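Residue-level structure breakdown
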Amino acid sequence: MKYLYVTAPYSDLVNYTFEEIQDFASHGLFLYNTLDRVKELPEEMFLNYILDHRVNEEEVLPCRSFFWNELKDRIEGKNAKDAAIEVNYWCAEEATYHSGDDRTLPALTVYRRGYGRCGEESVFLVNALRSVGIPARQVYVPRWSHCDDNHAWVELWCDGKWYFTGACEPLMILNKGWFTNASSRAMMVHSRLFDLFPAEGEDVIGKEGAAVMLNQTTRYARVKTVSVKVTDKEGAAVKGAQVQFLVLNMGEYFPIAKAETDEDGTVSLVTGLGSVRVLAFLPGMEGFAQADLDTRAQDEISLILTGETVEAEDWRAVDVIAPVDTPVNPDMPTPEQKAEGTRRLNEANKIRKEKKENWVNPEMTAFLAGEDEKELRQAMVDVLRRKTTQTVFAMYWKSIWNMASSMQKNLKRSLVLGNVAKRNEWRRSLHSRR
């Protein structure tokens, strides 16, 4: 518990009860005392990727003990690799891809409603893997370089190294997914760590809130190290300058990594082979400097901070080069594995479809059973049924009802205040006539 409280974002200490965080700690200790392969893990692997309650920015809902009970019989007697694949097939039986809200939803919600976007599917799989004692983390491309949007998937630790897989997109082998080739064209693939001390060998590329950002690009693409030198107009090195590496995506330059210059005014980054825009500024100094870097041909770039206001420049043509398709993970399933994988995925889709069709929403049933405002409750359900699915309603019915009740109270209050205002207006009118 001390570890989780020390490393957790401050918001977790306010938003979640001791018992909610304790649920994750208790299950982690259960795994440590039950499974030899968990006990044999390096300490930082256990703490960061099994015990830790957080994956990304999702709401924290206790789920690990529940997932363990669902999965323990399915992985009985399997090695870590085969168990990880089995867990992913279970996830595919429970959830599939569907775009959703901006904030990443928790694993238990994805399980209940049966779908989520890639970031939510990966949170689901990471929690499922951690629940059975397999270290796991979410990795993602913050923005693609060859097309708009981004993507997230999962890495898991087996046999002393990291493997990857698509969340809720199981295959009969690891280190393979529809994104294998696409990830080889990324300028950046990274993961988050909620700890103060990353494991030895990890490439730290900055912080985002309470999360330490780790560069994982080398595992997916051909890379090189580029350096940036920041000086002032006299040529002196600028220490503490903020440097951002950006790629063009969805009509904007989006930062894929952030760093701070050292005593020599330099930073370095391991990145893919393509175009990246580099921007530098010094807090408290006017202006900024930026330039485009083609990492295929360039290893370094220099930026000068003049301290002067930067004037808006005219439109100009810029060539943006995405890395070429050069996957560094050539593993392929055998024909037999492909056939078995197709059979199992079809079976998972059938199970998930039956679950969705036969599911009775307990939250909605309880909501409709309320004693007050029965007509309003039913009317709200009818509207929501036309607009969305019952599973979404299960997530938000309490908030919706509270909002509706508040609106009703405010309406009554407004009517009362309105009548008082009208009476006061009449009184003022009558007084003026006298």
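Report follows, based on the coordinates. The shown structure was predicted, so the numbers you read here are calculated from the model rather than taken from an experiment. Throughout, residues of each chain are indexed from 1 in the direction in which the sequence is written. In view of the model being predicted, local features appear only for residues whose pLDDT reaches at least 70, and side-chain atom pairs are presented and counted only at 80 or more, with totals across whole chains, interfaces and linings using the full set of residues. The side-chain quantities take in all heavy atoms of the structure and omit both hydrogens and water.

Side note on the packing of helix α7 (residues 80–94) against helix α9 (residues 118–131)
Axis geometry follows a simple rule: fit a line to the C-alpha atoms, using only the stretch in contact for helices, then measure angles between N-to-C directions, giving values from 0 to 180 degrees. Numbering goes from the N terminus for both helices and strands, where a helix is a DSSP run of H or I of at least four residues and a strand is a run of E of at least two. At their nearest, the axes of α7 and α9 sit 10 Å apart, and the two run at 135° to each other. It follows that α7 is oblique to α9 by the angle criterion. Regarding α7 and α9, the two cross each other, and that crossing is right-handed. Between α7 and α9, the residues in contact are Ala84, Val87, Asn88, Trp90, Cys91 and Glu94 and Phe124, Leu125, Ala128 and Leu129, respectively. Of the residues belonging to the contact of α7 with α9, the class tally is eight nonpolar, one polar and one charged. Here the angle decides the label: under 35 degrees means roughly parallel, over 145 means roughly antiparallel, 65 to 115 means roughly perpendicular, and every other value means oblique. Crossing handedness: left-handed means the near helix sits turned counterclockwise from the far one by under a right angle, and right-handed means the same turn made clockwise. Whether two residues are in contact is decided by their heavy atoms: any pair within 4.5 Å suffices. Charged means Asp, Glu, Lys or Arg here, nonpolar means Ala, Val, Leu, Ile, Met, Phe, Trp, Tyr, Cys or Pro, and polar covers whatever is left, Gly included.

Let's talk about the side chain of His27
Looking at the secondary structure, you find His27 in helix α3 (residues 18–34). Taking the relative accessible area as the measure of exposure, His27 reaches 5% and is therefore buried. Setting aside residues no more than four positions away along its own chain, His27 makes contact with Arg64, Ser65, Trp68 and Ser131. Each residue is placed in one exposure class: buried if its accessible area under a 1.4 Å probe, protein chains only, is under 20% of its type's maximum, exposed if it is over 50%, and partly exposed if it falls in between.

Some details on the packing of aromatic side chains
Stacked, tilted and edge-to-face pairs are distinguished by plane angle, under 30 degrees for stacked and over 60 for edge-to-face with tilted covering the rest, among Phe, Tyr and Trp rings (Trp via its six-membered ring) whose centres lie within 6.5 Å. Summed over all chains, the structure comprises 18 aromatic pairs. Taking 5.6 Å as the distance between ring centres and 65° as the angle between the ring planes, the aromatic pair formed by Phe67 and Phe124 counts as edge-to-face. Of this pair, Phe67 sits in helix α6 (residues 64–71) while Phe124 is found in helix α9, placing the two residues 57 residues apart along the sequence. For Phe67, a relative accessible area of 0% puts it in the buried group. Ring plane angle 90° and centroid distance 5.8 Å describe the contact between Trp178 and Phe179, whose orientation is recorded as edge-to-face. Residue Trp178 is classed as exposed on the basis of its relative accessible area, which comes to 53%. When its relative accessible area of 0% is taken as the criterion, Phe179 is described as buried. Site record: aromatic cluster; members linked through ring pairs are Phe66, Phe67, Trp90, Tyr111 and Phe124. Positioned above the aromatic ring of Tyr89, the side-chain terminus of Arg344 is 4.2 Å from the ring centre. Here, a charge over a ring means that NZ of Lys or CZ of Arg falls within 6 Å of the ring centre while also lying within 35 degrees of the ring normal.

Regarding the pattern of salt bridges
By definition here, a salt bridge exists when the distance from a side-chain nitrogen of Lys or Arg to a carboxyl oxygen of Asp or Glu is within 4 Å. Tallying each qualifying case throughout the model produces 19 salt bridges. The partner of Asp12 in a salt bridge is Arg54, and the shortest N-O contact between them spans 2.8 Å. Here Arg54 lies in the loop between α5 (43–51) and α6 and Asp12 lies in helix α2 (residues 10–15), a separation of 42 residues in the sequence. Comparing Asp12 with Arg54, the two get one shared label, buried. Of the charged contacts, one joins Glu58 and Arg54 as a salt bridge, the two residues approaching to 4.0 Å between their closest N and O atoms. Both residues of the pair, Glu58 and Arg54, count as buried. One salt-bridge network, in which partners are shared between bridges, spans Arg74, Glu86, Glu93 and Arg344.

Comments concerning the pairing of strand β6 (residues 190–193)
Of the two faces of β6, both are covered, the one formed by His190 and Arg192 as well as the one formed by Ser191 and Leu193. Note: two strands are recorded as paired if DSSP finds a minimum of 2 bridges between them. Inspection of the sheet shows β6 paired to strand β8 (residues 211–215) by four bridges, in the antiparallel sense. Residue pairing across strands places Arg192 opposite Met213, the latter belonging to β8.

A word on the sheet that holds strand β3 (residues 136–141)
One open sheet holds the six strands; their spatial order is β5-β4-β3-β6-β8-β7, and the pairing between them is antiparallel. At either margin of the open sheet sits one strand with a lone partner, and together these are β5 (161–165) and β7 (203–208). Averaged over all adjacent pairs, the angle separating strand axes in this sheet is 35°, with direction ignored. Across two bridges, the pairing between β3 and β6 is antiparallel. By the bridge assignment for β6, Tyr140 is matched with His190.

Side note on α9
To estimate the expected span of a helix, subtract one from its residue number and multiply by 1.5 Å. With 14 residues, α9 should cover 20 Å at 1.5 Å per step; its first-to-last C-alpha distance of 20 Å lies within 8% of that length. The element α9 is largely enclosed, with a buried count of 14 among its 14 residues. Phi turns positive one or two residues past the end of α9, at Gly133, with a value near 85°.

Section: the layout of surface pockets
Empty space within the largest pocket amounts to approximately 880 Å³. Definitions used for this entry: grid spacing 1 Å over protein atoms alone; cavity, a set of points where a 1.4 Å probe fits but cannot get out; pocket, an open set with protein on both sides within 12 Å along at least 5 of 7 lines; lining residue, one with an atom within 4 Å of a point. Surrounding the largest pocket, 33 residues form its lining, Tyr140, Pro142, Arg143, Asn150 and Arg192 being those nearest its centre. Among the secondary structure elements, those contributing two or more residues to the lining of the largest pocket are α9, β3, β4 (151–158), β6, β7 and β11 (252–260). If you tally residues by element for the lining of the largest pocket, the top one is β11, at six residues. Classifying every residue of the lining of the largest pocket by side-chain character gives 13 nonpolar, nine polar and eleven charged. Grid points are joined across faces, edges and corners, and a volume is the space filled by probe spheres set on the points.

As far as function goes, none of this settles anything; it's purely spatial.
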